[in-house]
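# Summary of structural features
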Amino acid sequence: MRIRRHTPPLPRSLPASGTTSSLAVITVLLAAFAVYFNSLFNGFVYDDSYQILKNPWIRDIGHIREIFSNSVWGFLGPSATSNYYRPVMHLIYMGTYHIFGPSAGGFHLVNVLFHAGASVMAFLVASRLFRETEAGPSVTSLAPPFVAALLFATHPVHTEAVTWIAGLPDVSFTFFCLLSLYWSGKPGAAYLLSVAAFFLAALCKETALTFPFLLVSYDFSFFKGIVQYTSYLRLFAAYLR
């Protein structure tokens, strides 16, 4: 009688441990910080002198009411009109000013940290796209998100937004939008956090208002046939208010 040995099928890919994901996150974080580390020694240029050095709003917490009731250039007086509304920008400047004072290095550090955070969020969001639905995350599925996040972290196209202090609205709204996208589609508190992150992004820069349409496109592309059309109205109603 011939005995047949049973050989279990080989896994399609090696499972990724929490350590592997953590190392990827740390590497992306360090890469984003390293390429812009030299910006910490730069000074104020162009709009920085107005938005930081000549901005009385960021020096006193008592100006929060003016920050939320005026346009972005309202601190220059009644003659300064603008259709930009970015109160969170002033709040971040205020917090930075109270920690570092009128030191350019502190403001540059905040920009770099936002960019590093956005790079990590790019990795986490991309990991969701490449994650295997049945077997869970694997080393193979983490490779494309890791490479994409490294490119995002080190690509020179971000230089102006990261190294220019006045570029804070760009790096901050990008971080909050990616954070909102990562938390979207999850039940309970995560959904509320996603809406809150989008709200902050919209108060950082007006470009964030396009995010709900991106979110609908994302869900429709990846979950077509799973989510009912009527569910979209309930799911995204909070983002459109």
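Higher on the page you've got the structure.
Residues numbered from 1 in each chain as written. Predicted model: local features only at pLDDT ≥ 70, side-chain atom pairs only at ≥ 80, totals over all residues. Heavy atoms only, no water.

### Structural notes on the nonpolar core
Nonpolar side chains in soluble globular proteins tend to be buried together. Just so we agree on the cut-off: Only buried residues count toward a nonpolar core. Its members are Ala, Val, Leu, Ile, Met, Phe, Trp, Tyr and Cys residues joined through side-chain atoms within 4.5 Å. Here's how the labels work: a residue is buried when its accessible area is under 20% of the maximum for its type, exposed when over 50%, partly exposed in between, all with a 1.4 Å probe on protein chains only. Secondary structure follows DSSP: runs of H or I at least 4 residues long count as helices, runs of E at least 2 residues long count as strands, and numbering of each begins at the N terminus. Throughout, a contact is declared for two residues whenever any of their heavy atoms are within 4.5 Å.
Judged by nonpolar contacts, the single largest core of 44 residues is most densely connected at Tyr93, Phe114, Leu168, Phe175 and Phe176. Every element with two or more residues in this core is listed here: helix H4 (87-100), helix H5 (104-130), helix H7 (159-163), helix H8 (168-183), helix H9 (189-204) and helix H10 (211-222). Leave out the neighbours within four places in its chain, and leucine 168 touches Met89, Ile92, Tyr93, Val110, Asn111, Phe114 and Ala161.

### Some thoughts on unusual backbone geometry
Although it is not a glycine, tyrosine 46 adopts a positive phi angle of roughly 50 degrees. Here tyrosine 46 lies in the loop between helix H1 (18-35) and helix H2 (48-53). Note on tyrosine 46: relative accessible area 68%, which makes it exposed.

### A short note on H4
What counts is decided by this rule: The span expected for a helix works out to 1.5 Å for each residue beyond the first.
Here H4 contains 14 residues, and its C-alpha end-to-end distance of 20 Å stays within 8% of the 20 Å for a straight helix at 1.5 Å per residue. Every buried residue of H4 is accounted for by Pro87, Val88, Met89, His90, Ile92, Tyr93, Met94 and Thr96. Among the structural elements, H2, helix H3 (64-69), H5, H8 and H9 are those in contact with the buried residues of H4. A positive backbone phi angle near 75 degrees is found at glycine 101, which sits one or two residues after H4.

### Observations regarding the packing of aromatic side chains
Worth spelling out the cut-off: Planes of paired rings set the category: under 30 degrees apart is stacked, over 60 is edge-to-face and the rest tilted, where pairs are Phe, Tyr or Trp rings (Trp by its six-membered ring) whose centres lie within 6.5 Å. By the criterion adopted, a ring carries a charge over it if an Arg CZ or a Lys NZ lies within 6 Å of its centre and within 35 degrees of its normal.
A complete count under the given rule lists 10 aromatic pairs for this structure. When the ring of phenylalanine 114 is compared with that of phenylalanine 175, the centres are 5.8 Å apart and the planes differ by 70 degrees; the resulting orientation is edge-to-face. Here phenylalanine 175 lies in helix H8 and phenylalanine 114 lies in helix H5, a separation of 61 residues in the sequence. The class of phenylalanine 114 is buried, set by a relative accessible area of 15%. Arranged with centres 6.0 Å apart and planes meeting at 65 degrees, the rings of phenylalanine 114 and phenylalanine 176 form a pair that is edge-to-face. One end of the pair, phenylalanine 114, is in helix H5; the other, phenylalanine 176, is in helix H8, and 62 residues separate them in sequence. Like phenylalanine 114, the residue phenylalanine 176 is buried in the burial classification. Ring pairing ties together the aromatic residues Phe33, Phe37 and Phe41, which thus form one cluster. When the ring centre of tyrosine 50 is taken as origin, the NZ or CZ atom of lysine 54, which lies over that ring, is 4.7 Å away. Here arginine 86 stacks its cationic end above the ring of tyrosine 84, 4.3 Å away from the centre of that ring.

### As for the environment of tryptophan 183
Within the element layout of this structure, tryptophan 183 appears in helix H8. Each C-alpha atom, one on tryptophan 183 and one on leucine 193, is 6.9 Å from the other, the two residues being 10 residues apart in sequence. Leaving out residues up to four positions away in the same chain, tryptophan 183 has contacts with Arg128, Ala190, Tyr191, Leu193 and Ser194.

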